[in-house]
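An overview of the molecular structure
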Amino acid sequence: MPWYTNLVITCKVLNRIANRYERSALQDLKSVLDHAIEMIWKKQEHYYESHQNKF
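First things first, this report covers the structure right here in the doc. This structure is a prediction, so every number in the text was calculated from the model and none was measured. Numbers given to residues run from 1 along each chain, matching the order in which its sequence is written. Thresholds applied to this predicted model are a pLDDT of at least 70 for local features of residues and 80 or more for the giving and counting of side-chain atom pairs; totals over whole chains, interfaces and linings are not thresholded and use all residues. Note that water and hydrogens are dropped before the side-chain values are worked out from all heavy atoms of the structure.

1. A closer look at the nonpolar core
Threshold: Put simply, buried Ala, Val, Leu, Ile, Met, Phe, Trp, Tyr and Cys residues joined by side-chain atoms within 4.5 Å make one nonpolar core. Relative accessibility under 20% of the residue-type maximum defines a buried residue, over 50% an exposed one, and the middle range a partly exposed one, all with a 1.4 Å probe and only protein chains included. Counting from the N terminus, the helices are DSSP H or I runs at least four residues long and the strands are E runs at least two residues long. Every residue pair with non-hydrogen atoms within 4.5 Å of one another is taken to be in contact.
Formed by Tyr4, Leu14, Leu29, Leu33, Ala36, Ile40 and Tyr47, the largest nonpolar core amounts to 7 residues. The element that contributes the greatest number of residues to this core is helix H2 (residues 26-50), accounting for 5 residues. Ignoring sequence-local partners within four residues, the contact set of Ile40 consists of Trp3, Tyr4, Thr10 and Leu14.

2. Let's talk about the pattern of salt bridges
Note the cut-off: Take a side-chain nitrogen of Lys or Arg and a carboxyl oxygen of Asp or Glu: if they are within 4 Å of each other, that pair is a salt bridge.
Inspection of the entire model under this criterion finds 2 salt bridges. The closest approach of N and O atoms between Lys30 and Asp34, which form a salt bridge, is 3.1 Å. Of this pair, Lys30 and Asp34 both sit in helix H2, 4 residues apart, roughly one helical turn. According to the relative accessible area criterion, Lys30 is partly exposed, its value standing at 47%. Judged by relative accessible area, Asp34 falls into the partly exposed class, the value being 40%. In this structure, Lys42 and Glu38 form a salt bridge, with 3.3 Å as the shortest nitrogen-oxygen distance. Of the two residues, Lys42 and Glu38 are both situated in helix H2; the distance of 4 residues between them amounts to about one turn of the helix. With a relative accessible area of 51%, Lys42 lands in the exposed category. Judged by its relative accessible area of 41%, Glu38 falls in the partly exposed class.

So, in structure tokens, the structure goes:
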């Protein structure tokens, strides 16, 4: 299974993104994390749709 279906790895990725924005405005951090989460969700949806017959 890809990394984005593993909750532990996904959290590590989001924490790494957040750590890069330590000194930025909270609104910037929120915007970046929202975009990253949206991309991860799309990847997960695409993965599960393409492997629907296998589950």
